[in-house]
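Overview (structure and organization)
The primary structure of each chain is shown beneath.
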Amino acid sequence: MKKYIIFLLASLLILLFFFSSESGKSILVNISHKSDSLKNYREVKKTEVIEMKYQINKHDSEWEKELTPEQYKVLRERGTEQQFSGKFYKNHETGDYICAACGNLLFKSDTKYNSGSGWPSYWEPAADSSVVLVEDNSFGMTRTEVICARCGSHLGHVFDDGPNPTGKRYCINSISMEFDKDTAKKGK
Ligand code: FE
């Protein structure tokens, strides 16, 4: 009888653990952008991400005033520009890609490559501190969203089918970025 009660309690605990981990209360945020090894992920509550403090925090109404409707849709409402339509898809010039919302340095032209996807693709962000990666379960898929680390704006997604040396494909909306050609000229 005693064994039976212990077994029952243990089963209950396992069930409780299963349901609490499956309820979607928390998501994974990658705290290192060089590797997606699980040790670099830390679990955070969804509310923690929503309240995540960025260096630049603006009300939606301010972003709406500053950005074009097309930029707002992608950067602040996590939209996606049409494939093969973006202004940087075929840009082969040397320079820096910065956040269209806040000017944060995101990607450098020497990590840009032609992925054939129809969106500008990079195998690495400019720096560890350039972007934040967040698990995205929208549209019935599990993807990793790429966000500007300075202002929290949506940039695109990162996939595991990129080239060497990282094997990553940062698939980024052109409209989320501006291109800084002069910075590259000044010194690199
Ligand atoms: Fe930004």
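Right, let's walk through the structure included here. In this text the structure is predicted, and so the values were computed from the model without any measurement.

**Remarks on the sheet that holds strand E3 (residues 96-99)**
- Spatial strand order, E4-E3-E11: 3 strands in an open sheet with antiparallel pairing. With partners counted over all chains shown, the strands left at the sheet margins are strand E4 (105-108) and strand E11 (177-180), one partner each. Averaged over all adjacent pairs, the angle separating strand axes in this sheet is 30°, with direction ignored.
- For E3 and E4, the ladder comprises 3 bridges, and the chain directions are antiparallel. Considered in E4, the bridge of tyrosine 97 is made with phenylalanine 107.

**Some thoughts on the coordination of the iron ion**
- Donor atoms from the polypeptide that coordinate the iron ion comprise Cys99 (SG), Cys102 (SG), Cys148 (SG) and Cys151 (SG), at 2.3 to 2.4 Å from the metal.
- Coordination at the iron ion comes from 4 donor atoms whose angles at the metal span 100 to 113°, giving a geometry best classed as tetrahedral.
- Counting residues between consecutive donors of the iron ion along the chain gives the motif C-x2-C-x45-C-x2-C.

**What about the environment of leucine 105?**
- Secondary-structure assignment places leucine 105 in strand E4.
- Exposure remark for leucine 105: the relative accessible area of 30% places this residue in the partly exposed category.
- Placed 22 residues apart in sequence, leucine 105 and alanine 127 show a C-alpha to C-alpha distance of 8.2 Å.
- In this structure, leucine 105 is in contact with Asp96, Tyr97, Ile98, Ala126 and Ser130, ignoring residues within four places of it in sequence.

Each value, and the rule that gives it
Residues numbered from 1 in each chain as written. Predicted model: local features only at pLDDT ≥ 70, side-chain atom pairs only at ≥ 80, totals over all residues. Heavy atoms only, no water. Pairing = 2+ DSSP bridges. Helix = DSSP H or I, 4+ residues; strand = E, 2+ residues; numbered from the N terminus. Axes fitted to C-alpha atoms, helices over the stretch in contact; angles between N-to-C directions. Donors = N, O, S within 2.8 Å, 3.2 Å for Na, K, Ca; no water. Tetrahedral: all angles 85-135°; square planar, octahedral: opposite > 155°, others 65-115°. Buried < 20%, exposed > 50% of the residue type's maximum accessible area, 1.4 Å probe, protein only. Contact = heavy atoms within 4.5 Å.

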